[in-house]
Amino acid sequence: MISHGSRFVIEYPFAMNNTDPRFNEYYSKGNYRNFRKIRGYKNKLALTTHLVFSNGVKQIYASGLFEEEALAKIFDKVDRFYR
């Protein structure tokens, strides 16, 4: 949190990073390492976005305040899956 006079600005650590090649791969190909988005919805009451990705065998779930935060979590889980 950063203080600007009497206002506080919250910085989110998972804001979209345009230099991250994982986002470029997902947005250009529509998938990330053979995992495709099969379901996604926004919970307006809890202000969260939920995503489900699958490669046909394994399903990976993640949620975040923004879609980019949930995507970053999905990408980390997919990278761990392929280790």
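Here, every reference points to the structure presented above.
Residues numbered from 1 in each chain as written. Predicted model: local features only at pLDDT ≥ 70, side-chain atom pairs only at ≥ 80, totals over all residues. Heavy atoms only, no water.

What follows is about the overall build of the protein chain. A tally of helices and strands in the protein chain yields 2 helices and 6 strands. Written out in order from the N terminus, the α and β elements of the protein chain read β-β-α-β-β-β-β-α. Accessible surface, the protein chain as shown: approximately 6,000 Å² in total, 53% of it carbon and sulfur. (Helix = DSSP H or I, 4+ residues; strand = E, 2+ residues; numbered from the N terminus. Areas by Shrake-Rupley, 256 points an atom, 1.4 Å probe, with all protein chains shown as cover.)

Attention now moves to unusual backbone geometry. In this model, Asn-34 sits at a positive phi of 70 degrees, which is unusual for a non-glycine residue. Positive phi values are uncommon outside glycine, yet Leu-47 reaches one of about 55 degrees. Residue Leu-47 is classed as exposed on the basis of its relative accessible area, which comes to 59%. (Buried < 20%, exposed > 50% of the residue type's maximum accessible area, 1.4 Å probe, protein only.)

What follows covers the nonpolar core. Across soluble globular proteins, nonpolar side chains have a tendency to be buried as a group. Counting 14 residues, the largest nonpolar core has Phe-53, Leu-71, Ile-74, Phe-75 and Val-78 as its most contacted members. Of the residues forming this core, the biggest block, 6 residues, is contributed by helix H2 (residues 67-81). Residue contacts for Phe-75: discarding those within four places in its chain leaves Arg-22, Phe-23, Tyr-26 and Tyr-32. (Core = buried A, V, L, I, M, F, W, Y, C linked by side-chain atoms within 4.5 Å. Contact = heavy atoms within 4.5 Å.)

If you check H2, its first and last C-alpha atoms are 21 Å apart, about what 15 residues at 1.5 Å a residue would give, namely 21 Å. The inward-facing, buried residues of H2 abut helix H1 (21-29), strand E3 (31-32), strand E4 (35-43), strand E5 (48-54) and strand E6 (59-64). (Expected span 1.5 Å × (residues − 1).)

On to the packing of aromatic side chains, then. The tally for this structure, following the rule as stated, stands at 9 aromatic pairs. Between Phe-23 and Tyr-27, the aromatic rings sit 6.4 Å apart at their centres with planes inclined by 20 degrees, giving stacked as the arrangement. Here Phe-23 and its partner Tyr-27 are both found in helix H1, 4 residues apart, which amounts to about one turn of the helix. On the basis of relative accessibility, which here comes to 4%, the residue Phe-23 falls in the buried class. Judged by its relative accessible area of 42%, Tyr-27 falls in the partly exposed class. Each ring, one from Phe-23 and one from Phe-75, has its centre 5.4 Å from the other, and the planes form 75 degrees; the classification is edge-to-face. Placement of Phe-23 in helix H1 and of Phe-75 in helix H2 is noted, with a sequence separation of 52 residues between them. Both residues of the pair, Phe-23 and Phe-75, belong to the buried class. One aromatic cluster is present, built from ring pairs that chain together Phe-23, Tyr-26, Tyr-27, Tyr-32, Phe-53 and Phe-75. (Phe/Tyr/Trp six-rings, centres within 6.5 Å; stacked < 30°, edge-to-face > 60°.)

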